[in-house]
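So you can see what is in the structure, the chains are spelled out below.
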Amino acid sequence: MLSSQISISQSKKISIPGDKSISHRSVLFSSLAEGKSEIHGFLEGEDPLNTMHCFAKMGVEFTPQGKGSYSVQSPGKKNLHSPGSELDFGNAGTGIRLSAGLICGLPQIEAVLTGDASLQKRPMARIIDPLRAMGADIKSVSGDGKAPLAIKGKQLQDYQFKSPIASAQIKSALVLAALSSEIAIDYEEDELSRDHTENMIRFLGGNIEQITPLRFRLKPPYKFEGGKFVIPGDISSASFYIVFGLCGKGEPTIIRNVGLNPSRIGILTVLRNMGGKIEIADPRQECGEDIGDLVVYPSRLKRTEIEAHLIPSIIDEIPILAIAGLFSEGGFSIRNAKELRAKESDRIVSMVTNLQRLGVEVTEYEDGYEFSEVSSIRSAKIETYMDHRIAMSFAILSKLTGIDLQLDETSWVDTSFPGFFEILKQF
Ligand code: S3P
């Protein structure tokens, strides 16, 4: 296995930016509500900022109040208006899918939703089909099931859906359509995907009838007044420095104020199963979400079997887990993760291709990839595929090994983790 060239001589405390999923949702829920909201800890990365700009075009006022803080004034969902031009969500699947759901239920709005070249390759039929079954007028402009999406808002009908994919983006798109159109929804999934949308509804005083742990029902009337959203640090961003701290040598790394929602902490389970020592300090709650500080100790890692039920809760962390696998006795394997092919890049292809360039013998499967214990890697050019998490994963690897990996482009990192490279430079 690889060994780190980094020795952390003094315990370092770092802070990571706000949670991307909750930042998007804070924009959507403060736009649905009539009146004033406050947002603190907002991720000022391109993805949620794009969502904010899109809702500003439909009549919501977001006034900056210092770093990560905004006061929001919404005219209420019934008074949002059509944007004067296309809504551009950049790189963000969450932004476009959740906003599409919300807009579908507002009869006064007509809009075209689009994004960058990566976003325009991602599957949208997964939301188009169920939204149409709710009565929505939404179509893929080019007819290929991808963005741009043209929407004419409409009154929708009550809906019951069992999702074939455990996806919080599908779940949240349909729930937001129900909230904007004032209809009932009964939603079921076969594994729990992240539940920030449900948490936010409860936090705002809404009532969710939980039928089973994986099935819930929502019924109108929905009366959301503005709220004060305080957003914790993003565990998906923290995961890069968790792996860095585990694979480094010397003193522990402390990562402050990390969101620890149970549907997001699969990364801690998997890394602990690999032998990683990670402690949670000062556990607390904010806006219905669990939060804590993480203390990450340099640890000897070993290969582990990642169980299928954990996949939804680690879906964004798999690239950096594979990097941890390079430092693990026995190597690394990930299966049951076909959804990786529908992310900002096809994250099976993007990891397998780059690992092979480093000289790692990787076997690719339809639903994952695997490699045996790795003793060395070579310097190589890394193709980042317009994918922030691929760029950050290989930047961490380069820093840990001291091997020069030339990343073709790193600007994608700003979609989710502005300041990532500045933190890396401190080590
Ligand atoms: C997200 C859900 C996940 C995740 C994405 C953010 C969300 O996607 O990969 O980065 O905020 O709901 P899926 O639910 O489609 O797997």
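What counts, and at which threshold
Counting restarts for each chain, with residues numbered from 1 along the sequence as it is written. The predicted nature of this model means local features are confined to residues of pLDDT at least 70 and side-chain atom pairs, given and counted, to a pLDDT of 80 or more, with totals for whole chains, interfaces and linings taken over all residues. Hydrogens and waters are ignored; side-chain quantities use all the structure's heavy atoms. Throughout the structure description, domain borders are defined by an automatic or database domain assignment. By definition, residues are in contact when any of their heavy atoms lie within 4.5 Å. Each of two parts loses accessible area, computed with a 1.4 Å probe, when they are put together; buried area is these two losses added. In what follows, salt bridge is the name for a side-chain nitrogen of Lys or Arg lying within 4 Å of a carboxyl oxygen of Asp or Glu. Side-chain atoms alone can form a polar contact between residues adjacent in sequence; in general such a contact is a pair of N or O atoms within 3.5 Å, and within protein one must be able to donate a hydrogen while the other accepts it. Note on pairing: two strands pair once DSSP finds at least 2 bridges between them. Working definition: helices are DSSP H or I runs of at least four residues, strands are E runs of at least two. Numbering for both runs from the N terminus. Only the stretch in contact is used when a helix axis is fitted, and all axes are lines through C-alpha atoms; the angle between N-to-C directions ranges over 0 to 180 degrees. UniProt positions are given in the numbering used here, feature names are shortened, and annotations may be inferred rather than shown by experiment. When accessible area is computed with a 1.4 Å probe and restricted to protein chains, residues below 20% of their type maximum are described as buried, those above 50% as exposed, and intermediate ones as partly exposed. Just so you know how the angles are binned, under 35 degrees is roughly parallel, over 145 roughly antiparallel, 65 to 115 roughly perpendicular, and the rest oblique. Crossings are assigned a handedness: left-handed for a near helix turned anticlockwise from the far helix by less than a right angle, right-handed for a clockwise turn. Residues are sorted three ways: Asp, Glu, Lys and Arg are charged, Ala, Val, Leu, Ile, Met, Phe, Trp, Tyr, Cys and Pro are nonpolar, and all the rest, Gly among them, are polar.

Participant: I keep staring at the domain arrangement of the protein and nothing clicks. Help me out?
Facilitator: For interface size, the figure often reported is the accessible area lost on association. Examined at the domain level, the protein breaks down into domain 1 (7-17 + 233-424) and domain 2 (20-230). Distance from the C-alpha centre of domain 1 to the C-alpha centre of domain 2: 28 Å. Listed as interface residues are 24 residues of domain 1 and, on the opposing side, 29 residues of domain 2. Around 2300 Å² of area is buried between domain 1 and domain 2 when both sides are counted, 51% of it from carbon and sulfur atoms. Looking only at domain 1, the three residues that lose the most surface to domain 2 are C287, M386 and T415, adding up to 25% of its buried area. Connecting domain 1 to domain 2 are three salt bridges. Across the contact surface, domain 1 and domain 2 share 14 residue pairs in polar contact (both at pLDDT 80 or more).

Participant: Teacher, can you tell me more about the sheet that holds strand β3 (residues 34-40) here?
Facilitator: Sheet strands associate in pairs through backbone hydrogen bonding, adopting either a parallel or an antiparallel arrangement. In spatial order, the strands read β4-β5-β3-β14; together these four strands make up an open sheet with mixed pairing. Every other strand in the sheet has two partners, leaving β4 (61-64) and β14 (228-230) as the edge strands with one partner each. Each strand axis lies, on average, 20° off the axis of its neighbour in the sheet, ignoring direction. Relative to β14, β3 is paired through three bridges, and the arrangement is parallel. Bridge pairing in β14 links I39 to F229. Relative to the sheet, helix α1 (residues 20-32) contacts β3, β4, β5 (70-75) and β14, its axis offset from that of β3 by approximately 160°.

Participant: Before we go on, may I ask you to explain the UniProt feature "binding site: phosphoenolpyruvate" (unreviewed entry) in the protein in this structure?
Facilitator: The sites that UniProt annotates as "binding site: phosphoenolpyruvate" (unreviewed entry) are K20, G93, R122, Q169, R347 and R389. As for its placement among the helices and strands, R122 is situated in the loop between β7 (110-114) and α4 (125-133). On the basis of relative accessibility, which here comes to 4%, the residue R122 falls in the buried class. Setting aside its immediate chain neighbours within four residues, R122 contacts N91, G93, R97, G145, K146, A342, K343 and E344. The residue R389 is located in helix α12 (residues 388-401) in this model.

Participant: It is not clear to me how the pairing of strand β9 (residues 149-152) should be interpreted in this structure. Could you clarify?
Facilitator: Here β7 runs beside β9; their pairing, made up of four bridges, is antiparallel. Each residue of the ladder has a partner; that of A111, found in β9, is I151. Summarising the sheet, strand β8 (residues 137-140) and β9 pair through four bridges and their orientation is antiparallel. Its bridge partner being in β9, K139 is matched across the sheet by A150.

Participant: Mind showing me how you'd approach the sheet that holds strand β10 (residues 159-162) here?
Facilitator: Here four strands make up an open sheet; going across it, the order is β10-β11-β13-β12 and the pairing mixed. The open sheet has two free edges, formed respectively by β10 and β12 (208-212), since each of these has just one partner strand. The mean inter-strand angle of the sheet, taken between neighbouring strand axes irrespective of direction, is 15°. Bridge analysis of β12 against strand β13 (residues 215-218) gives four bridges, and the strand direction is antiparallel.

Participant: I tried to follow the packing of helix α10 (residues 318-326) against helix α11 (residues 347-357) on my own but got confused; where do I start?
Facilitator: Helix-helix packing: each pair is described by the crossing angle between the helix axes and the interaxial distance. Contact geometry of α10 with α11 gives a least axis separation of 11 Å together with a crossing angle of 30°. In terms of their interaxial angle, α10 and α11 are classed as roughly parallel. Both α10 and α11 take part in a crossing whose hand is right-handed. Counted together, P319, A322, I323 and L326 of α10 and R347, M351 and L355 of α11 form the full contact between these two elements. Here the contact of α10 with α11 is composed, by residue class, of six nonpolar, no polar and one charged.

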